[in-house]
Amino acid sequence: MTDVARRGDRSPVPADWTYAPAPESTDIVRLQERYGLYVGGEWLETKERFTTIAPRDESPLAEVAQASKADVQNAVAAARDAFGTWSKLPGSERAKYLFRIARILAERSREFAVLESLNGGKPIKESRDVDLPLAAAHFFYYAGWADKLEYAFPNRTPKPLGVAGQIIPWNFPLLMLAWKIAPALAAGNTVVLKPAETTPLTALLFCDVVRQAELPPGVVNIVTGDGSTGAALVEAEVDKIAFTGSTDVGKAIARQLAGTGKKVTLELGGKAANIVFDDCALDQAVEGIVNGIYFNQGHVCCAGSRLFVQESIYEPVVEKLKKRMTTLRVGDPLDKNTDIGAINSRMQLDKITELVAAGEAEGAEIYQPPCRLPEKGYWFVPTVFTNVAQSYRIAQEEIFGPVLSVLTFRTPDEAVEKANNTPYGLSAGVWTEKGSRILWMAERLRAGVVWANTFNRFDPTSPFGGYKESGFGREGGLHGMEPYLDFE
Ligand code: NDP
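Residues numbered from 1 in each chain as written. Predicted model: local features only at pLDDT ≥ 70, side-chain atom pairs only at ≥ 80, totals over all residues. Heavy atoms only, no water.

A. Structural context of the environment of Thr51. Locating Thr51 in the fold gives a position in strand S4 (residues 48–54). Separated by 15 residues in sequence, Thr51 and Gln66 place their C-alpha atoms 9.9 Å apart. Setting aside residues up to four positions removed in sequence, Thr51 forms contacts with Pro60, Ala62 and Glu63. In this structure the side chain of Thr51 is engaged in a polar contact, spanning 2.7 Å, whose partner is the side chain of Glu63. (Helix = DSSP H or I, 4+ residues; strand = E, 2+ residues; numbered from the N terminus. Contact = heavy atoms within 4.5 Å. Polar contact = N/O pair within 3.5 Å; in protein donor to acceptor, adjacent residues only side chain to side chain.)

What follows is the structure in structure tokens.
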């Protein structure tokens, strides 16, 4: 008799796939009690400060400086001073600094990943496997271009612009910093960067990387604060503004900068269509749907928040999706098994809650898998809405949370028409076995990025950016270098 037969039905059958806790230690992070502004290679004190917290339990992490208008102007002046020397360095010298930053980020990646999850709420496996490797890869990639600009833009004599003001959001704090700082520096500009109010800590830790890399003082300056600090940076004597954030603030910046001669790139909101045809590999598509909307709690501008399913496979897709959702683990961002971490802030949680209530009130059918949420902190259960009409707010507005709206279509033409029926145009996904259909769809979808049989894939060599109200200008690739250069 074999072992298995002997045990028969006495052997315990796992009732579910519950994992034992696997928390990542926070010992590697040394937080200071209080942080100043990093300007001209020095730490400067400010009159006002605010507390930054951990969204997983609302515990305070550190006191952070609130930069005033004068502080921002001071930082811009430091960047202007540094520009003279930095822009005249041979490209190969600038590249050395960028390679150094990339290497240090890779070496200190665990420390950064823990801090990112602590301050932002995202699962450690995402900060560890996505944010950090990509942030380092951006510095490596743009380091490679620093001494090749004349070949990259032949016969156009590329020149740096001067001082770039950069404003970033809270969903990918370090990665957005890398997207902004790496191309700007490679092109020979100096920068003043403002991180989001709720997630300043990895940008402040990055100042230590800048110091370690011995970057000349004033080339990178970090000013923390709230929206008023961002507004002060837009007004300051900078040569370019690079902004990632909400469409409303982006529009206000565009209005303010019109006619000033300052260059601007805007990466704004999205309401991406993820389109599933009946010939797709169904299980892969379901994984792609889950990754498209629940990655980073749905705090992703290119999240696949509108799912379009071909009518003939609507039922199996929804059934498989709901089943898969029951296996998602929501909880402590620092647990290595967590799939969905904490919502970034109280404000964002309120916004998600309000839009989900609107979805129910308008008549959509809600599904949330059973799941126990921690008592403290900001949490939202992964949610899917079916019976959604295109006019509902949940199908129109960016929710920026783990909430998916499912709609249907019959023909490819109908899919394109419905997918494009949005003021946004940042990204889209297509799931089908047919290569010809992928190309046909990609030609017609009004979105900056179209993923085929995958979703949320990023690479430093690939340009990213929007159409329509999702903004203009590209980040990543050579396209991402161009907005930091002037051409004669
Ligand atoms: P914001 O657009 O307000 O924030 C983005 C950045 O801009 C932050 O650093 C913010 O500072 C700064 N900022 C705020 N007001 C101004 C201003 N008047 N001038 C210059 N800079 C300013 O986005 P929120 O954080 O308020 O998020 C609101 C909504 O925006 C989200 O619910 C989501 O729908 C969308 N969003 C989209 C993002 C994207 O990547 N497309 C990213 C983030 C949000 P501070 O943090 O201090 O307010």
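B. Representation of the nonpolar core. Grouped together as the largest cluster of nonpolar side chains are 107 residues, with contacts concentrated most on Leu105, Phe139, Phe206 and Val220. Counting residues per element, this core draws most heavily on helix H7 (residues 173–186), at 11 residues. Within the second largest apolar cluster, 29 residues are counted, among which are Ile352, Leu355, Val356 and Ile399. (Core = buried A, V, L, I, M, F, W, Y, C linked by side-chain atoms within 4.5 Å. Buried < 20%, exposed > 50% of the residue type's maximum accessible area, 1.4 Å probe, protein only.)

C. Seen up close, the packing of aromatic side chains. Here the structure, examined in full by the defined rule, presents 15 aromatic pairs. Residues Trp86 and Tyr97 carry aromatic rings whose centres are separated by 5.6 Å and whose planes lie at 55° to one another, so their mutual orientation is tilted. Linking Trp86 in helix H2 (residues 69–88) with Tyr97 in helix H3 (residues 91–107), this pair joins segments that are 11 residues apart in sequence. Between Tyr141 and Trp145, the ring centres sit 6.4 Å apart and the planes meet at 90°, which makes this aromatic pair edge-to-face. Of the two residues, Tyr141 and Trp145 both sit in helix H5 (residues 124–145), 4 residues apart, roughly one turn of that helix. (Phe/Tyr/Trp six-rings, centres within 6.5 Å; stacked < 30°, edge-to-face > 60°.)

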